Amino acid sequence: MQGITFPGDRRAVLQDFPDPEPGPGEVVVRMRASGMCGSDLHFYRGTASFGGGKDTIQGHEPCGEVHAVGPGVTADMASVGDRVMIHHYWGCDACEHCRSGWPQMCDRENGHTLSITTHGGHAPYMVVPARTLLPLPDALSYKAGAAIGCGTGTAWGGIKRLGNIGGATLVVMGQGLVGLSGTMFASALGARVIAVDVRDARLDRAREFGASEVINSAEVDLTEAMADLTGGRGAEVILETSGVAGADALKILGKWGRACFIGLPGDVSFRTEQQYKKQWTLMTSWTMSTIEQARCANFVVAHQLPVDRIFTHSWSLDHAVEAYQWFDEQADGKGVFEF
């Protein structure tokens, strides 16, 4: 089979690999959809290194169906033909973090991450431990399951970290792949969502996904605009997804405000003597747990949320070069490889 790799010089390369075989406790998943994530670009551009080397198949938003099972995989764990999402991390499976559904925080060994330390989903087939599988609800497409596996699920994880947001004025900084999902979830949960971005096209999409108001921070003074929209109180809650607006987020966060920073790489700093009287709660979020990934999928189904519409472009593997050249521009939209 062929899979997409990144040499690290802004090229996507189709490379030959043997078809995977499942070992003990493993399954082979036939890919149906594999999403393109903004974090791919760190490796595509060569600004980050791979744990598994540059011959590692990319794609950490995979979704598909079980193609083969290895020894020790029982029917209640996985069966051929199951429609599955994949939690794209795994660890020791024994420490408190792994047991609570957070293998990316494993204490006992260097964890595994799809597309970084082990082959990902930008290929027709992928082998993973059976314990990484989560059921894909029948009502969801494979594309939706791919989005929930990282980008959309990351927004869900940040929203859950923020706690109760019903009735609150919540600002979503950035309306890219993750921010648009954050706008969608926050609106569905009853928040008044103010979407912030520097591109009108993204803000138009934010309105479609539930934003009550939008602000183009490249055209107006963000602090003044927020003051006008909140009666001078500022934002009650902020989800920062852009990775470049940490300082702006703190400028508009009101007293007793809560902010969650999930955009990478990100830079957030403040002086306590200037800000401590505001009684802020500041936090971060790292994708989501296995439990929350499943809850996210169920929430999408229950509220009939338009996750499929987050994708603006669909590609086949043989268009990998064109796909990542488009994605590298970061002008608008999210892409997915379909099989």
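Being a predicted model, the structure only gives us computed values, none of them experimental. (Residues numbered from 1 in each chain as written. Predicted model: local features only at pLDDT ≥ 70, side-chain atom pairs only at ≥ 80, totals over all residues. Heavy atoms only, no water.)

Right, let's talk about the overall build of the protein for a bit. Looking only at helices and strands, the protein features 11 helices and 17 strands. Taking 339 residues into account, the globule formula puts the C-alpha radius of gyration at 20 Å, and the protein, at 20 Å, falls close to it. Its C-alpha atoms put the protein at 60 × 40 × 40 Å along the principal axes. Counting the 339 residues in the protein, one finds 53% classified as buried. Of the contacts formed within the protein by residues at least 6 apart in sequence, a portion of 65% connects residues at least 24 apart. Total accessible area on the protein stands at roughly 14800 Å², and carbon and sulfur atoms take up 48% of it. (Helix = DSSP H or I, 4+ residues; strand = E, 2+ residues; numbered from the N terminus. Rg over C-alpha atoms; globule rule 2.2 N^0.38 Å. Buried < 20%, exposed > 50% of the residue type's maximum accessible area, 1.4 Å probe, protein only. Contact = heavy atoms within 4.5 Å. Areas by Shrake-Rupley, 256 points an atom, 1.4 Å probe, with all protein chains shown as cover.)

Packed helix pairs are characterised by how far apart their axes lie and by the angle those axes make with each other. Interhelical geometry of helix α3 (residues 142-149) versus helix α4 (residues 151-162) gives an angle of 50° and a closest axis separation of 3 Å. Compared by their axis directions, α3 and α4 come out oblique. Contacts from A147, I148 and G149 of α3 reach α4 at G151, T152 and G153. A breakdown of the residues in the contact of α3 with α4 according to their chemical character gives 2 nonpolar, 4 polar and no charged. (Axes fitted to C-alpha atoms, helices over the stretch in contact; angles between N-to-C directions. Parallel < 35°, antiparallel > 145°, perpendicular 65-115°, else oblique. Nonpolar A, V, L, I, M, F, W, Y, C, P; charged D, E, K, R; others polar.)

When its volume is computed, the second largest pocket comes out at roughly 180 Å³. Elements that contribute at least two residues to the lining of the second largest pocket include exactly β6 (89-90), α2 (96-99) and β9 (133-135). Partitioning the lining of the second largest pocket into residue classes produces 6 nonpolar, 5 polar and 3 charged. (1 Å grid on protein atoms, 1.4 Å probe; cavity = no way out; pocket = protein on both sides within 12 Å on 5 of 7 lines; lining within 4 Å. Points joined across faces, edges and corners; volume = space filled by probe spheres on them.)

It is worth spelling out unusual backbone geometry at this point. Unlike most non-glycine residues, D93 shows phi in positive territory, near 70°. In this structure, D93 sits in the loop between β6 and α2. If you check the backbone angles, Q279 has positive phi at about 60° while not being a glycine. On the basis of relative accessible area, Q279 is assigned to the partly exposed category, the value being 39%.

Attention now moves to the pairing of strand β17 (residues 335-338). Looking along a regular strand, one sees the side chains alternate between the two faces of the sheet. As paired strands, strand β3 (residues 26-35) and β17 are joined by 3 bridges and run antiparallel to one another. Paired with G35 across the strands is V336, a residue of β17. Bridging between strand β16 (residues 313-315) and β17 involves 3 bridges; their strand directions are parallel. Considered in β17, the bridge of W315 is made with F337. With helix α11 (residues 320-329) bridging β16 and its parallel neighbour β17, the resulting β-α-β unit is right-handed. (Pairing = 2+ DSSP bridges. Right-handed = clockwise from strand over helix to strand, strands pointing away.)

Let us look at the sheet that holds strand β15 (residues 281-284). Pairing within the open sheet is parallel, and its 6 strands lie in the order β12-β11-β10-β13-β14-β15. The open sheet has two edge strands with one neighbour each: β12 (213-216) and β15. In this sheet, neighbouring strand axes are inclined to one another by 20° on average, regardless of whether the strands run parallel or antiparallel. In this sheet, β15 lies alongside strand β14 (residues 253-261) in parallel orientation, the contact comprising 4 bridges. Along β15, the bridge assignment pairs A259 with L282. Sitting on the sheet, α4 is in contact with β10 (169-173), β13 (235-240), β14 and β15, with an inclination near 150° to β13. The sheet strands contacting helix α6 (residues 200-208) are β11 (192-197) and β12, and the helix crosses β12 at an angle near 170°.

Before going further, it helps to examine the packing of aromatic side chains. Applying the stated criterion across every chain yields a total of 11 aromatic pairs. Here the aromatic rings of F6 and Y324 are separated by 4.9 Å at their centres, their planes lie at 80°, and the arrangement is edge-to-face. Here Y324 lies in helix α11 and F6 lies in the loop between β1 (2-5) and β2 (13-16), a separation of 318 residues in the sequence. A relative accessible area of 0% means that Y324 is categorised as buried. Ring centres of W156 and F185 lie 5.1 Å apart, and the angle between their planes is 70°; on these two criteria the pair is classed as edge-to-face. (Phe/Tyr/Trp six-rings, centres within 6.5 Å; stacked < 30°, edge-to-face > 60°.)

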